[in-house]
Amino acid sequence: MADLRVEYAGMEFKNPVVAASGPLGRTYESLKRSIEAGCGAVTLKSNNVKVKEPGKRRSSHEAPVKPAHVFLSKYGLKQSMINWEGVPTDFTAEDERNLIRKIKPLAKKHGARIIANIHPDPAYVEDLDMFREDIRTLLSAEPDLLETVPCAYHYLDDSPHPEEEGYDLIAKAMTGIYEAIIDESTVPVIIKANHPFFALTSDFIKQLGVKTVHVTEGPHFVGTIVDIEKMKPLCPGPSVYTYGRHRRPVMNLQSARVKDLFGGDEVKLIASSGMWTAEDCIERMMCGAHLTALHTAIQYHGHGLFTKIIDGISEFLDRKGLGLEQVVGAAVADIVSEEAHDKFMDECDLTSDQIWPEIDLDKCNGCGMCANCIHGGISMEADKPKTDLDLCMRCGVCESVCPVEGIQMARA
Ligand SMILES: Cc1cc2nc3c(=O)[nH]c(=O)nc-3n(C[C@H](O)[C@H](O)[C@H](O)COP(=O)(O)O)c2cc1C
């Protein structure tokens, strides 16, 4: 087993795999399963403000709705989920504190870190004393860290599409919130947001002395799914959030950009969004994350996936003879660099006699995928593919769709 220990927020995590905030951190049973599956840390569900007028909801995102999510396989989207849960008000700071107290002995036994999570509801923004009191309530259970997430939709009259101006508004609304949390917190604070938000607030976050951020995304993954039999959306209304593996490439990029934004190694990243396998987590670490947090994939596959992922990361490191410190951030410089992009494009600037597809017929299984070539560059003859280099555009599609790696773009 490779050494998976990670230093984050000045403390040791036994491995880089974290159970992200949400339903996974809402019940004792789920927290227990994440810890027993071997997670380096578990995160509590965000608490919300106490409702002052019971029965009167202030926004559609605060209702404890049931059901709350649908996986989309039968609607043609594997590894995706549509969620309309929001941050319900039936989970208060007292509830979260009690849950932390209850799970603490087990977390200690397994060496798992506990991350408390507070959602800065607009009611907190208006009543910072209540916010401070609830932070103190959470901290009285002695979590290891405290995460806070400024959800865009709560600050923009329920609009889930904040453009730059919107992020600016959130950033301003957040000033008092962050100052309060830094002031009150006796443990390291994690600020959880997306790249556009961090792009506006990174200087302020640095000034506050925050060294731990969590990169995730909300507003860029709103969408809708229509049940064509019923001719109606699964969740009526302007939009709901889609979670799942489709987020992976977007969030790889956001993670690398946030890593670059903060520069150096002083500010460390947790990243979540779209990871389903050990390979996805390794990739995200290469994009700058010290810790990788998962939610949706665990809802789908169960907590056993955490153990598989931890084992998979270990196997990768052993096979490559690498340590985590060599993996974290390995791809960031190339991802964010315009020069690296230009150099890559120059290297791809080839004439047709400098590059062409070559088929290895010994490997070919005759599936015919390559013969879907839209230019007619490959066709099937007696169950075997044959190139026509006069028609071939050298685009490389055949190489990438071949399931047995039987085609290579050869270079002169
Ligand atoms: C149903 C659901 C509820 C969530 N609730 C919270 C929450 O209360 N607080 C929070 O910070 N993040 C919450 N999240 C976001 C997750 O912590 C995570 O950042 C996000 O789901 C992306 O990771 P994934 O692709 O592995 O699901 C929630 C996610 C889901 C799917």
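Procedures and definitions
Residues numbered from 1 in each chain as written. Predicted model: local features only at pLDDT ≥ 70, side-chain atom pairs only at ≥ 80, totals over all residues. Pairing = 2+ DSSP bridges. Helix = DSSP H or I, 4+ residues; strand = E, 2+ residues; numbered from the N terminus. Near = placed C-beta within 6 Å. Nonpolar A, V, L, I, M, F, W, Y, C, P; charged D, E, K, R; others polar. Axes fitted to C-alpha atoms, helices over the stretch in contact; angles between N-to-C directions. Contact = placed C-beta atoms within 7 Å. Buried ≥ 20, exposed ≤ 12 C-beta atoms within 10 Å, placed from the backbone. Core = buried A, V, L, I, M, F, W, Y, C linked by C-beta atoms within 7 Å. Parallel < 35°, antiparallel > 145°, perpendicular 65-115°, else oblique. Left-handed = near helix turned anticlockwise from the far one by under 90°.

Caption draft 1: Here's a closer look at the sheet that holds strand S14 (residues 240-244). Taking strand neighbours across the sheet as the criterion, the four strands line up as S5-S6-S14-S11 in an open arrangement whose pairing is antiparallel. One side of each edge strand has no neighbouring strand; the edge strands of this open sheet are strand S5 (69-71) and strand S11 (222-223). In this structure, S5 lies alongside strand S6 (residues 80-83), joined through three bridges in antiparallel fashion. Along S6, the bridge assignment pairs Val-70 with Ile-82.

Caption draft 2: Spotlight on the site of the ligand. By nearness alone, 25 residues border the ligand, and Ala-20, Gly-22, Ser-46, His-295 and Thr-296 come closest of all. Across the shell around the ligand, the residue classes break down as eight nonpolar, 13 polar and four charged.

Caption draft 3: Highlighting the sheet that holds strand S8 (residues 145-148). Pairing is parallel in the closed barrel, where eight strands are placed in the order S3-S4-S7-S8-S9-S10-S15-S16. With direction set aside, neighbouring strand axes in the sheet form an average angle of 25°. Where strand S3 (residues 17-19) and strand S4 (residues 41-43) come together, two bridges link them in parallel fashion. The residue of S4 that forms the bridge with Ala-19 is Val-42. Seen against the sheet, helix H4 (residues 128-139) touches strand S7 (113-118) and S8 and runs at an angle of roughly 165° to S7.

Caption draft 4: Fine view of unusual backbone geometry. At the junction of Lys-66 and Pro-67, the peptide bond is cis and its omega measures out at -5° in the coordinates. If you trace the backbone, Pro-67 turns up in the loop between S4 and S5. Positive phi values are uncommon outside glycine, yet Ala-9 reaches one of about 55°. Structurally, the position occupied by Ala-9 is in the loop between strand S1 (6-8) and strand S2 (11-13).

Caption draft 5: A look at helix H8 (residues 278-286). Along H8, seven of the nine residues are buried, which leaves the element largely enclosed by surrounding structure. Of all the residues in H8, the buried ones are Ala-278, Asp-280, Cys-281, Ile-282, Arg-284, Met-285 and Met-286. Along its buried surface, H8 packs onto S3, helix H7 (248-262), strand S15 (268-272), strand S16 (289-294), helix H10 (304-320) and helix H11 (324-327). Residue Gly-288 follows H8 closely and has a positive phi angle near 115°.

Caption draft 6: Representation of the nonpolar core. Counting residues in hydrophobic clusters, the biggest one holds 80 residues, and the most contacted among them are Val-18, Cys-39, Val-42 and Val-213. Broken down by element, this core gets its largest block of residues, six residues, from helix H5 (residues 164-184). Each residue touching Val-18, except ones within four places of it in the same chain, is listed here: Cys-39, Gly-40, Ala-41, Thr-43, Ile-270, Leu-291, Thr-292 and Ala-293. Grouped together as the second largest cluster of nonpolar side chains are six residues, Cys-373, Ile-378, Cys-398 and Ile-407 included.

Caption draft 7: The arrangement of the packing of H8 against H10 in detail. Two numbers describe how H8 lies on H10: the axes approach to 8 Å, and their chain directions differ by 60°. For the element pair H8 / H10, the angle class is oblique. Crossing handedness for the pair H8 and H10: right-handed. Residues Ala-278, Cys-281 and Ile-282 of H8 form the contact with H10, whose own contacting residues are Lys-308, Ile-309, Gly-312, Ile-313 and Phe-316. Among the residues making up the contact of H8 with H10, the classes are represented as six nonpolar, one polar and one charged.

Caption draft 8: Molecular detail of the environment of Ala-112. Turning to its location among the elements, Ala-112 is positioned in the loop between helix H2 (93-110) and S7. A sequence separation of 76 residues divides Ala-112 from Glu-36, and the C-alpha atoms of the two residues are 9.3 Å apart. Apart from residues no more than four positions distant in its own chain, Ala-112 is found in contact with Ile-35, Cys-39, Gly-40, Ala-41, Val-42 and Ala-107.

Caption draft 9: Quick peek at the packing of helix H1 (residues 28-36) against H2. One can describe the packing of H1 onto H2 by two numbers: an axis separation of 10 Å at closest approach and a directional angle of 15°. As the angle between them shows, H1 and H2 are arranged roughly parallel. For the pair H1 and H2, the sense of crossing is right-handed. Counted together, Tyr-28, Leu-31, Lys-32, Ile-35 and Glu-36 of H1 and Leu-99, Lys-102, Ile-103, Leu-106, Ala-107 and His-110 of H2 form the full contact between these two elements. Here the contact of H1 with H2 is composed, by residue class, of seven nonpolar, one polar and three charged.

Caption draft 10: Broad picture of the environment of Ala-330. Here Ala-330 lies in the loop between H11 and helix H12 (332-336). On a C-alpha basis, the gap between Ala-330 and Gly-368 in space is 37 Å, while along the polypeptide they are 38 residues apart.

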